[in-house]
Amino acid sequence: MGSLIDALADRLADDPNVRIRLGVGVADVRRGSGGLALRLSDGATVRAEGVVLAGPARASAAAVADLVPAAAAALAGVPQGSTAVVSLAYRADQLASRP
């Protein structure tokens, strides 16, 4: 998923009408004068004509809950799971037989 976000950010980076903020969450999206008002996780407020939420579905649902309740409900219903990658290393002499 990260590569999709990176590709979108790269594509939009050259547009002078686009401001990209990576690494900060959107806590809340509301209608504001002339567009949207986004309250960010760092406390800043940003005005925008549009927004792309590229985070977990539940976080996006919380951010748009007051603005578009139906979309928030749909996002909240997206099943999510967590994964872990575990790498094990053994010396050959520690294995009874090799695969």
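Residues numbered from 1 in each chain as written. Predicted model: local features only at pLDDT ≥ 70, side-chain atom pairs only at ≥ 80, totals over all residues. Heavy atoms only, no water.

Peer 1: How do you make sense of a negative patch on the surface when you look at a structure like this?
Peer 2: Together, D6, D10, D14 and D15 make up a region of like negative charge exposed at the surface. Position of D14 relative to the elements: it lies in the loop between helix 1 (2-12) and strand 1 (26-32). (Patch = residues over 30% accessible without salt bridge, like charges linked within 9 Å, V, L, I, M, F, W, Y side chains within 5 Å. Areas by Shrake-Rupley, 256 points an atom, 1.4 Å probe, with all protein chains shown as cover. Salt bridge = Lys/Arg side-chain N within 4 Å of Asp/Glu carboxyl O. Lys, Arg positive; Asp, Glu negative; His and termini not counted. Charge placed at Lys NZ, Arg CZ, Asp CG, Glu CD. Helix = DSSP H or I, 4+ residues; strand = E, 2+ residues; numbered from the N terminus.)

Peer 1: I would appreciate a short explanation of the nonpolar core in the present structure.
Peer 2: Soluble globular proteins tend to bury their nonpolar side chains together. Formed by V29, L36, L38, L40, V46, A48, A61, A63, V64 and A72, the largest nonpolar core amounts to 10 residues. Elements that contribute at least two residues to this core include exactly strand 2 (35-40), strand 3 (45-48) and helix 2 (57-64). Discounting chain neighbours no more than four positions away, the residues touching A61 are A72, L75 and A76. (Core = buried A, V, L, I, M, F, W, Y, C linked by side-chain atoms within 4.5 Å. Buried < 20%, exposed > 50% of the residue type's maximum accessible area, 1.4 Å probe, protein only. Contact = heavy atoms within 4.5 Å.)

Peer 1: What should I look at first to understand the environment of L38 in this one?
Peer 2: Mapped onto the elements, L38 comes out in strand 2. Note on L38: relative accessible area 5%, which makes it buried. When the C-alpha atoms of L38 and A48 are compared, they prove to be 7.5 Å apart, with 10 residues separating the residues in sequence. Beyond its immediate sequence surroundings of up to four residues, L38 is in contact with V26, D28, V29, A44, T45, V46, A48 and V51.

Peer 1: Just to check I follow, could you spell out the packing of helix 2 against helix 3 (residues 69-76) for this structure?
Peer 2: The packing of two helices is summarised by the inter-axis angle and the distance between the axes. Two numbers describe how helix 2 lies on helix 3: the axes approach to 8 Å, and their chain directions differ by 165 degrees. Taken together, helix 2 and helix 3 sit at an angle that is classed as roughly antiparallel. At the point where helix 2 passes helix 3, the crossing takes the left-handed sense. Facing helix 2, whose interface residues are A57, R58, S60, A61 and V64, helix 3 presents P69, A72, L75 and A76. Class assignment for the residues of the contact of helix 2 with helix 3 results in 7 nonpolar, 1 polar and 1 charged. (Axes fitted to C-alpha atoms, helices over the stretch in contact; angles between N-to-C directions. Parallel < 35°, antiparallel > 145°, perpendicular 65-115°, else oblique. Left-handed = near helix turned anticlockwise from the far one by under 90°. Nonpolar A, V, L, I, M, F, W, Y, C, P; charged D, E, K, R; others polar.)

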